[in-house]
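# Coordinates in review
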Amino acid sequence: MPEKQIVQTETTPKPDLDSPPPFSREALTHLRALEAESIHIIREVVAEFERPVMLYSIGKDSSVLVRLAQKAFYPGKIPFPLLHVDTTYKFGEMIEFRDRYTAEIGAKLVVYTNQKAIDEGASPFALGTQKCCGLLKTRALLDALASGPYDAAFGGARRDEEKSRAKERIYSFRDSYGQWDPKNQRPELWNLYNSRIDKGESIRVFPLSNWTELDVWQYIHFEKIPIVPLYFAKPRPVVVRGDHLIPVEHNPPLLPGEKPQMVMCRMRSLGCTYCTGAIRSEADTVPKIIHELFFMRRSERENRVIDHDQEGSMEIKKREGYF
Amino acid sequence: MSAPAAATIEQFLEQEHRKQLLRFTTAGSVDDGKSTLIGRLLYDTKGVYEDQLASIAKSPVNRSGRAVDLSLLTDGLRAEREQGITIDVAYRYFATPRRKFIIADTPGHEQYTRNMATGASTAELAIILVDARKGVLPQSRRHAYISVLLGIPHLAVAVNKMDLVDFNRNTFDSICREFREFVENIGGPEPVFFPICALDGDNVVTRSERTPWYEGPSLLEHLETVPIGSSNSFDELRFPVQYVIRPSLDFRGYAGQIAAGALHPGDVVMALPSGRTSRVKSIVTWDGDLQKAFAPMSVTVTLEDEIDISRGDMLVDPRHMPHVSRRLEAHVVWMHPDALELNKSYILKHTTQQVRGLVREIKHRVNVNTLAQEPASTLELNEIGLVSIETHRPLFYDAYKRNRSTGAFIFIDPLINVTVGAGMIVEPMAQVPAELETGRLTAAERYARNGHHPATIWLTARKELAYLLERRLFQRGCQVHVLADDAETHLLPVLARICSVAGLITICTPAAHTPSDRDRARQLTAPAPFVELDPEDLPPDDQIAAARVMEILEERGII
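Residues numbered from 1 in each chain as written. Chains lettered and ligands numbered in written order. Predicted model: local features only at pLDDT ≥ 70, side-chain atom pairs only at ≥ 80, totals over all residues. Heavy atoms only, no water.

Right, let's talk about the overall build of chain A for a bit. Helix and strand counts for chain A stand at 9 helices and 10 strands. When burial is assessed residue by residue, chain A has 60% of its 323 residues classed as buried. At a minimum sequence separation of 6, the contacts of chain A that also span at least 24 residues come to 75%. Carbon and sulfur atoms make up 52% of the accessible area of chain A, which amounts to about 12900 Å² in all. (Helix = DSSP H or I, 4+ residues; strand = E, 2+ residues; numbered from the N terminus. Buried < 20%, exposed > 50% of the residue type's maximum accessible area, 1.4 Å probe, protein only. Contact = heavy atoms within 4.5 Å. Areas by Shrake-Rupley, 256 points an atom, 1.4 Å probe, with all protein chains shown as cover.)

Here it is in structure tokens:
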């Protein structure tokens, strides 16, 4: 039994919803609090691991992650490489942005492609999205991490994205096959992260775990972080299939009667062209996107075809080593 | 997410920019309706997207008796969905125009104390669910106890399923009375109570018409207005150094997250363990240099003087030192199926340090159902106890109840690399042996009081260094004394023996090289360690030399 630990008492406060909440002392705004936590995590990894790497997907979350890494080591440069797993089915605009932006901030970029699978004809059209993703993303990612070999890999995943993510630790332990075991996660208390691993094992680190999609957009807005233009609405050629808008950049096979058409739209999350559905939108600035999101009642990954392959499919992919 | 009250997007963004963050945890027994309550908070604050709602609406499982089973919103993994209970910690997010909230959703299942402790470790408020029909159960007491043990500053008790007791005021009042009394007994904060029905939403987000006798706020109104950070009255500087940033020869910055207090350029800071002091030159961030930084900001600090500081060191306010010791007592929650082993070498991670440490003794185990203190020789999974620990290197710590950052640590088993326990350090008391002894004082009793064994340091012709070392050791909490012999009276060996028997660390600094005195001192103080330092081997600068000697003493296990 603890001795009298907390002597502080609070009577029921009379809620006063018209004035700002009481500050008994200086407090950070929620974005600054999240930023401080993420920077702490990034520094902790660099201090305790030998060969960290940051997974760079070129999306908005990656952009925020890169900015946090810049802040963590300022005035020094980011002390680890950025790794992009290129399926070759990414949008041309993404690749262009990737090369320009990483050069601009002086980051080291490593690009990895499962060339063997591509040479053997792997594509979402030939294999179906699940197998394609397994070869060009999950397999390629595991091979890329082994090629380092990297013992810690930052990812931009957030817990609010998907139900299985909500239970994942900030330091997510992976065995020597890169697999996640949701039943056997290390307890994670306070801000004390356990970095100990054996040879061949690794940790996936998610500094944005506690951020929501809205936080990410607000941070991009307030920090003026550059993002890929695909996030902004403009007329783009797509195939309309039910509720989905499928970009035509890599010539997806069309169903009878389907024809590409120009639709005012934007991407809500970025993946490969075939698996990333666009959404109809007029939002061509960050504040407009935030406005749109705020009234939007659909969750972000819904437009990713891959997550709907079967019930609980994200959890299955993660067990196999997917980010 | 609720609709913006602001008229324009710019006003909305401005409002968003001022939002605060509240982390809270939820605890309840199986079937207390915890998942439903969280589902209700998410649903009523529009934190749920349509497709998620559609997905649970078509779920074959519905235990709620209502059109949609909101508890399904928070059920994460497949296995858990099949079992119908949550078995790990899951984090949820929602926001109102006033605050953003992070929920650590933890199970109330008997064997999962460790998950609750995990969720509680970062929470500023705990919601504890009580079933109005069942009243205060042993589990409810356990949840309150763990919340208090983990130092959560605010307790909110949601008395749920009020619809099943016809919203009876007496039922509610008697639960409040019993719960309040219990929390008072364990030294917790005054709890705040809410009569709710999570299934229908009474007093969750809006005040209910079915409880006209209840005049307090809704649960959400309380979450929006409870003071944040009020428990954190500890404002003495603690800055654990995480990483040294050195992009060029003219910049050397110490990066870290401020654990307590504030920093300004010009502040005098002391670096531990070296004990050297300097002034803050600048507080560097990507967004420009700061005139003030405070907890929990992540910043980079440069100092006026070149002193050797590395990861694991801590900058503190020299007027308010933390405890510096290799020995401490802590409440421990054990989290692994392999029980705690006495005298086994574990790794302790405390702030930014990893040190080897042994549990020397289990003072008692706490029965979490009765809260009785029981004798124990080990702690099993999910057990809690008070233990005494000895580390290989000193920790710089404060009691957990004063500062959660510098009072907390985790145990890692070095063989399996897994986090096996969590510790909360208690305020060290003047070390008195358990039973009041009547005989003469023994060396063991002196050790228990001092925290170190006696030792003699022989340091010829470095008087200033000797006094500097004395100061450093004193600041570490050691009993220390300098013997300087300018007159060549050859008294040093005998005086050293007296000091050694008294349990002190003695620094002998004869003015000249006197091998016969040295040998005699070594003989008279045996078997206590005798450290002869060759002045030729030590750096000429006293400050640098002192830091080096401290390292030698650490390596030799003396401090």
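Here the focus is the sheet that holds strand S6 (residues 202-205) of chain A. All names here are of chain A. Across the sheet, 6 strands lie side by side as S3-S2-S1-S4-S6-S5; this open sheet has mixed pairing. Each having just a single partner strand, strand S3 (109-112) and strand S5 (171-174) make up the two edges of the open sheet. For this sheet the average axis-to-axis angle between neighbouring strands, irrespective of direction, equals 30°. Helix H3 (residues 92-104) contacts strand S2 (82-85) and S3 of the sheet and is inclined by roughly 155° relative to S3. (Pairing = 2+ DSSP bridges. Axes fitted to C-alpha atoms, helices over the stretch in contact; angles between N-to-C directions.)

Let's shift gears to the packing of aromatic side chains. Inspection of the entire model under this criterion finds 21 aromatic pairs over all chains. Relative to A:Phe80, the ring of A:Phe73 lies with its centre 6.3 Å away and its plane at 85°, an arrangement referred to as edge-to-face. Taking 4.9 Å as the distance between ring centres and 15° as the angle between the ring planes, the aromatic pair formed by A:Tyr171 and A:Tyr193 counts as stacked. In this pair, A:Tyr171 is assigned in strand S5 and A:Tyr193 in the loop between S5 and S6, connecting sequence segments 22 residues apart. The same class applies to A:Tyr171 as to A:Tyr193, namely buried. Three or more aromatic residues joined by ring pairs form one cluster here, namely A:Phe73, A:Phe80, A:Phe154 and B:Tyr243. The ring of B:Tyr91 is capped by A:Arg159, whose NZ or CZ atom sits 4.0 Å from the centre of that ring. (Phe/Tyr/Trp six-rings, centres within 6.5 Å; stacked < 30°, edge-to-face > 60°. Lys NZ or Arg CZ within 6 Å of the ring centre and 35° of its normal.)

All names here are of chain A. Among the secondary structure elements, Ile 225 is positioned in the loop between helix H7 (213-223) and strand S7 (234-241). Spatially, the C-alpha atoms of Ile 225 and Arg 268 are 17 Å apart, while their sequence positions differ by 43 residues. Non-local contacts of Ile 225, meaning those with residues more than four positions away in its chain, are made with Ser 63, Val 64, Arg 67, Tyr 219 and Ile 220.

Moving on: the pairing of strand S21 (residues 408-412) of chain B. All names here are of chain B. Counting buried residues in S21 gives 5 out of 5 residues, a clear majority hidden from the surface. The two faces of S21 match: Ala 408, Ile 410 and Ile 412 on one face and Phe 409 and Phe 411 on the other face are all buried. Relative to S21, strand S17 (residues 346-350) is paired through 4 bridges, and the arrangement is antiparallel. Considered in S21, the bridge of His 350 is made with Phe 409. Pairing of S21 with strand S22 (residues 419-425), which is carried by 5 bridges, proceeds in the antiparallel orientation. Counterpart to Phe 409 in the pairing with S22 is Gly 423. Turn length for the S21-S22 hairpin, with the two strands adjacent in sequence and antiparallel, is 6 residues, and the turn residue Asn 417 shows positive phi of about 65°.

The subject of this paragraph is the pattern of salt bridges. Tallied over the entire structure, the rule returns 55 salt bridges over all chains. The salt bridge involving A:Glu120 is made with A:Lys116; its shortest N-O contact spans 3.6 Å. With relative accessibility at 61%, the residue A:Glu120 sits in the exposed group. Among the charged side chains, a salt-bridge network with shared partners connects A:Arg32, A:Glu35, A:Arg67, A:Lys71, A:Glu223 and B:Asp287. (Salt bridge = Lys/Arg side-chain N within 4 Å of Asp/Glu carboxyl O.)

Quick look at the pairing of strand S25 (residues 505-510) of chain B now. All names here are of chain B. The buried fraction of S25 amounts to 6 of the 6 residues, a majority that puts the element mostly inside the structure. Side chains Ile 505, Ile 507 and Thr 509 project from S25 onto one buried face, and the interleaved Thr 506, Cys 508 and Pro 510 project onto a second face that is buried too. Looking at chain direction, strand S23 (residues 455-459) and S25 are connected through 4 bridges and run parallel. If you follow Ile 457 over to S25, its bridge partner there is Ile 507. When strand S24 (residues 480-485) meets S25, the two strands line up parallel, connected through 6 bridges. Paired with Asp 485 across the two strands is Pro 510, which belongs to S25. Handedness of the S24-helix H11 (residues 492-501)-S25 crossover: right-handed. (Right-handed = clockwise from strand over helix to strand, strands pointing away.)

This part takes up helix H6 (residues 138-149) of chain B. Residue and element names in this part refer to chain B. For H6, built from 12 residues, the straight-helix expectation of 16 Å at 1.5 Å per residue is met to within 8% by its first-to-last C-alpha distance of 16 Å. The element H6 is extensively covered by neighbouring structure, given that 9 of its 12 residues are classed as buried. All of the buried residues along H6 are Ser 140, Arg 142, His 143, Ala 144, Tyr 145, Ile 146, Ser 147, Val 148 and Leu 149. (Expected span 1.5 Å × (residues − 1).)

This next bit is on the confidence of the model for chain B. Residue and element names in this part refer to chain B. Considering every residue of chain B, the mean pLDDT works out to 87; 91% of them sit at 70 or more. Mean pLDDT values for the elements of chain B range from 51 in helix H4 (residues 78-83) up to 98 in S21. Between residues 1-5, whose pLDDT stays under 50, and residues either more than four places distant or in other chains, the model counts 19 contacts. For residues 431-435, every residue scores under 50 in pLDDT, and the model assigns this stretch 4 contacts once sequence neighbours within four places are set aside. Overall fold confidence for the complex sits at a pTM of 0.82, while the interface term, ipTM, reaches 0.84. (pLDDT = per-residue confidence, 0-100.)

Once that is clear, we can look at the environment of A:Ala126. Residue and element names in this part refer to chain A. In this structure, Ala 126 sits in helix H5 (residues 124-127). Residue Ala 126 is classed as exposed on the basis of its relative accessible area, which comes to 58%. Distance in space between the C-alpha atoms of Ala 126 and Ala 69 is 38 Å, their sequence separation being 57 residues.

Moving on, we come to the sheet that holds strand S3 (residues 99-105) of chain B. Residues and elements named next belong to chain B. Strand order in the open sheet made by the 6 strands is S2-S3-S1-S4-S5-S6, with mixed pairing throughout. Pairing within the sheet leaves two strands with one partner each, and these edge strands are strand S2 (90-95) and strand S6 (192-195). Each strand of the sheet is rotated relative to its neighbour by a mean of 25°, with strand direction disregarded. The sheet contact formed by strand S1 (residues 20-27) and S3 spans 7 bridges and is parallel.

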